[in-house]
Amino acid sequence: MSSPLTQSLNPEQARATTLPNEHALILAGAGSGKTRVLTTRIAWLLQQGHVGAGGILAVTFTNKAAKEMKLRLTSMLPVNVGAMWIGTFHGLCNRFLRAHYKLAGLPQTFQILDTQDQLSAVKRLCKQFNIDDEQYPPKQLSWFISACKDDGKRPKDVEANDSATRKKVELYQLYEEQCQREGVVDFAELMLRSYELLRDNDELRSHYQRRFQHILVDEFQDTNKLQYAWLKMFAGASSSLFAVGDDDQSIYAFRGARVGNMADFVRDFSVQHQIKLEQNYRSYSNILDSANELISHNQRRLGKNLRTDQGAGEPVRVFEATGDLAEAKWVVDEARQLYREGQNGDSTRGVPRRSEIAVLYRSNAQSRVIETALFNAGVPYRVYGGLRFFERAEIKHALAYLRLMENPLDDTSFMRVVNFPPRGIGARSIEQLQDAARSAGVSLYSAVHHITGKAGTNIGGFVAKIDVLREQTVSLSLSETIKLVLEHSGLLEHYRTEREGADRVENLEELVNAAESFVTIEGFGKEAQALPDGAFQQADSEDEVMSPLAAFLTHAALEAGDNMADAGQDAVQLMTVHASKGLEFDAVFITGLEEGLFPHENSQSDADGLEEERRLMYVAITRARKRLYLTHSQTRLLHGQTRYGIKSRFLEELPEECLRWITPKNQGFQSNFNTPSAYKPYEDWPARKSISEAAPSLAPKASDVQGLQKGMKVFHTKFGEGAVLSLEGAGLDARAQINFSRHGTKWLALSVAKLTVI
DNA sequence: TCCAGCCACTTTTTT
DNA sequence: AGTGGCTGGA
């Protein structure tokens, strides 16, 4: 307890950090020093001699978090982080499967399919079996397969009561066979295969259970069913599972995360100590109180209230714009002002760097307007999200050549580059090859010998080229190998002659650099090195070190890299709310706070969806340290159409005393239009339209709203005749659901829509 | 076989 | 509006 490691911790943090060897759940609110507690606990356990480095298993969701944890640990203690298992779920599964590839039934050179690869594998499968892709869209199939695996289900475990599901399960089965034949695993398979291996192999399981005395999990609220089961497999009778999470920040239910794992954990492991970290070190109280008040509207919570010792700080500013461009311009002006004040040395009002300003939005489509405004104002910015380095087409092409050299069974990679750059191998030749491969039961690569004629010659040339590349590079370094492949594959040449290919050539050159720094910084083969205690040598060959190329390919699949846009320059940060999780900024702008957008219309149908949206808003608010701005717009261009938005309900759920409305509150579009407002708009009012499509809210109730009643026939200037289905809200928020004879059912805001009773 | 133009799609995302 | 995938003509 008196360790200097824990001296600067508050009592709750110190208690969590120094818990005895037992299972524990730490409810760590936003900005409460969660990562600090996690790393300090590991350091403390090691320092007190409770466990050796080899006995630690620490799991995170992102590579960034894993890296951060390792970095902080090395700064706390002189410790060999390589001896600990610290990494992402998938990274650790990879390490595990590489060590026991034989037991797992995988080739040593197994390749990892990312989401794109998985989709193309599914498409190939569907084509082969003549699946109607209208009825079974490959994307959905791919999603279905991943969802089954995330649920821990093999095809035989999936309950199929209708013919469509039975078909999907059948395809899932075929997909599995295809992957197995080709020696590839997708992301979910990494998890499921490791889980099953542990479950079914008693000797292996007890070995690992004895080994890992302390298992620590970050962001526990984001674990899915399989990940929780996986953790349970590793946790033996003498292991302690230390889970850190925040149910209020669970925003990934849509991809299978189960907040319920927190309650299950408490029950399954008879957790004695649940410690709440409620002291927030990040935000001023106006911001924190807003977050607390907002999240209190959620019913299903474990319950937690953040407090701060910092003062009230600036009020949260709310701005209503007339249009999305005006909104963006206002944000940019305000951001510049903050930066200017920071430059003048005013650290309470301004921000020292542009990178301390974040502009958040609910969906990616909203970034464009903000980018335009920033660009026009000459403000440097950086957009997160979008394609990352290893996901770019040219990089994936290059990697496909490399993967094929490493594992000729990989048909996905074969298909990607067999005719890229174009070398006269068309659909017919490919079909011939696929038929031959299928009837001989071999890979496309080895089926080339069965093909004769022109197709045979062309494809034969391609295969020969791969063989030659493999031989030529056998004694070359990794970066030299890649350089040679880029030249001899014709990829560089192809992009050099392409009009818009300069960026792609640059990226390919960057790939060579990435390989160089991978070897020097990361070392290679690290993932597959021997277990320290040397167990299981009889069963598997943990001592066989991966080739640098194999390690690099794994790295590329598991860590897609940054999107490398303007790194280095001090720039305003643009990202979705999801992407902002785990980050913090001096100033945060949350934009597009309109019904249907945030909360998003697709999430409003059920209460759970709405609660997740609210948690999303909670995450967004708690990113801010000093200044928080909330903006919404009366009109917005979305998918090429003007939409009229209603102010988000979340704005109403914030404590009034923390807010300052820059524009008068409760001004609907109508009243603004009639009474030119006190503030000066950035642009002229948009041409008036009489449509407003608002999302339905949860419970329609009112029977008579603004002279309308259910069942009335109405006329609308654009949609024509219709019947009122339901009514809700009052005053400026009043809405009517109307079934138009020619345009279907729509929700209209009565303050905007021009309706006549007929 | 290749390229151009047309059509459908559009919440959030890590590995 | 913008993009990615697919079809049909050269």
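Residues numbered from 1 in each chain as written. Chains lettered and ligands numbered in written order. Predicted model: local features only at pLDDT ≥ 70, side-chain atom pairs only at ≥ 80, totals over all residues. Heavy atoms only, no water.

Caption draft 1: Examining the packing of aromatic side chains more closely. Using the criterion set out here, one finds 25 aromatic pairs in the structure. Seen in terms of ring centroids, W85 and F212 are 5.3 Å apart; in terms of plane orientation they differ by 55 degrees. Their pairing is tilted. In this pair, W85 sits in strand 3 (residues 85–88) while F212 sits in the loop between helix 9 (202–211) and strand 6 (214–217), placing the two residues 127 residues apart along the sequence. What makes F212 buried here is its relative accessible area of 0%. Measuring from centroid to centroid gives 6.4 Å for F414 and Y445, while their planes differ by 80 degrees, and the two rings are edge-to-face. Of this pair, F414 sits in helix 16 (residues 411–417) while Y445 sits in helix 18 (residues 444–447); the two residues are 31 residues apart in sequence, bridging distant segments of the chain. A cation sits over an aromatic face here: R255 above Y252, 3.7 Å from the ring centre. Lying over the aromatic face of Y384, R382 brings its terminal NZ or CZ to 4.4 Å of the ring centre. (Phe/Tyr/Trp six-rings, centres within 6.5 Å; stacked < 30°, edge-to-face > 60°. Helix = DSSP H or I, 4+ residues; strand = E, 2+ residues; numbered from the N terminus. Buried < 20%, exposed > 50% of the residue type's maximum accessible area, 1.4 Å probe, protein only. Lys NZ or Arg CZ within 6 Å of the ring centre and 35° of its normal.)

Caption draft 2: Seen up close, the pattern of salt bridges. Applying the stated criterion across every chain, the model contains 53 salt bridges. D157 is the partner of K156 in a salt bridge, and the nearest nitrogen-oxygen pair spans 3.2 Å. Here K156 falls in the exposed class, since its relative accessible area comes to 70%. Judged by relative accessible area, which is 34%, D157 ranks as partly exposed. Here K304 ties to D248 by a salt bridge, and the two come within 3.1 Å at their closest N and O atoms. Here the residue K304 occupies a position in the loop between helix 12 (285–295) and strand 9 (316–321), and D248 occupies one in the loop between strand 7 (240–245) and helix 11 (260–268), the gap between them amounting to 56 residues. Each member of the pair K304 and D248 is classed as buried. In this structure, a network of salt bridges that share partners links the residues K149, R154, E176, D186, E189, R193 and E196. (Salt bridge = Lys/Arg side-chain N within 4 Å of Asp/Glu carboxyl O.)

Caption draft 3: Seen up close, the protein's contact with DNA strand B. DNA strand B sits among 29 residues. The nearest are T115, R362, N364, G426 and T576. Each atom of DNA strand B within 4 Å of the protein was assigned to sugar, phosphate or base; sugar and phosphate come to 57%. The contact in question runs from a sugar or linking oxygen of DNA strand B to an N or O atom on the backbone of L558, over 3.5 Å. Between T576 and DNA strand B, the recorded distance is 2.5 Å, taken from a side-chain N or O atom to a phosphate oxygen. (Near = heavy atom within 4 Å. Polar contact = N/O pair within 3.5 Å; in protein donor to acceptor, adjacent residues only side chain to side chain.)

Caption draft 4: Spatial organisation of the pairing of strand 16 (residues 641–644). Pairing geometry for strand 15 (residues 635–638) and strand 16, over four bridges, is antiparallel. Within strand 16, the residue paired with L637 across the bridge is T642. Here strand 15 folds back onto strand 16, and the loop between the two strands holds two residues, one of which, H639, carries a positive phi near 55 degrees. (Pairing = 2+ DSSP bridges.)

Caption draft 5: Quick look at empty space enclosed by the protein. Inspection of the entire model under this criterion finds six cavities of 30 Å³ or more. Computed from the structure, the second largest cavity encloses a volume of approximately 60 Å³. Taken together, D117, K396, L399, A400, R403, T412, S413 and R416 make up the full set of residues lining the second largest cavity. For the lining of the second largest cavity, the secondary-structure elements that each account for two or more residues are helix 15 (393–406) and helix 16. (1 Å grid on protein atoms, 1.4 Å probe; cavity = no way out; pocket = protein on both sides within 12 Å on 5 of 7 lines; lining within 4 Å. Points joined across faces, edges and corners; volume = space filled by probe spheres on them.)

Caption draft 6: Main features of helix 7 (residues 163–182). Between its first and last C-alpha atoms helix 7 spans 28 Å; for 20 residues at 1.5 Å apiece the expected length is 28 Å, and the two agree. The complete set of buried residues in helix 7 reads T165, V169, L171, Y172, L174, Y175, E176, Q178, C179 and E182. Residues of helix 7 that are buried sit in contact with strand 4 (111–113), helix 5 (115–128), helix 6 (138–150), strand 5 (184–186), helix 8 (187–200) and helix 16. In the stretch just after helix 7, G183 is the one whose phi turns positive, near 70 degrees. (Expected span 1.5 Å × (residues − 1). Contact = heavy atoms within 4.5 Å.)

Caption draft 7: Highlighting the packing of helix 6 against helix 7. Where helix 6 contacts helix 7, the axes come no closer than 10 Å and their chain directions differ by 80 degrees. Accordingly, the angle class assigned to the pair helix 6 and helix 7 is roughly perpendicular. For the pair formed by helix 6 and helix 7, the contact residues are L141, F144, I145, C148 and K149 on the first element and K168, V169, L171, Y172, Y175 and E176 on the second. A per-class count over the contact of helix 6 with helix 7 returns eight nonpolar, no polar and three charged. (Axes fitted to C-alpha atoms, helices over the stretch in contact; angles between N-to-C directions. Parallel < 35°, antiparallel > 145°, perpendicular 65-115°, else oblique. Nonpolar A, V, L, I, M, F, W, Y, C, P; charged D, E, K, R; others polar.)

Caption draft 8: Here's a closer look at the sheet that holds strand 9. Pairing is parallel in the open sheet, where seven strands are placed in the order 11-12-10-13-14-9-17. Each end of this open sheet is capped by a strand with a single partner; those strands are strand 11 (381–383) and strand 17 (659–661). When strand polarity is set aside, the average angle formed by the axes of neighbouring strands in this sheet is 20 degrees. In this structure, strand 11 lies alongside strand 12 (residues 572–576), joined through three bridges in parallel fashion. By the bridge assignment for strand 12, R382 is matched with Q573.

Caption draft 9: Local environment of the nonpolar core. If you look at the biggest cluster of nonpolar residues, it comprises 63 residues, and the most contacted ones within it are F96, W230, F234 and F265. Counting residues per element, this core draws most heavily on helix 10 (residues 225–234), which supplies seven residues. Beyond its immediate stretch of four places on either side in the chain, F234 contacts L57, F96, L198, Y208, Q209, F212, I215 and S239. (Core = buried A, V, L, I, M, F, W, Y, C linked by side-chain atoms within 4.5 Å.)

Caption draft 10: Structural view of the environment of L409. With respect to the element layout, L409 can be found in the loop between helix 15 and helix 16. Each C-alpha atom, one on L409 and one on G568, is 41 Å from the other, the two residues being 159 residues apart in sequence. In this structure L409 touches R181, E182 and S443, once residues within four positions along its chain are discounted.

Caption draft 11: Seen up close, the sheet that holds strand 7. Ordered in space as 3-2-6-7-1-8, the six strands form an open sheet in which the pairing is parallel. Sheet topology places strand 3 and strand 8 (273–277) at the edges, where each strand pairs with a single neighbour. Direction aside, neighbouring strands of the sheet carry axes that sit 15 degrees apart on average. The pairing of strand 2 (residues 56–60) with strand 6 spans four bridges and is classified as parallel. Looking at strand 6, one finds that V59 is bridged to V217.

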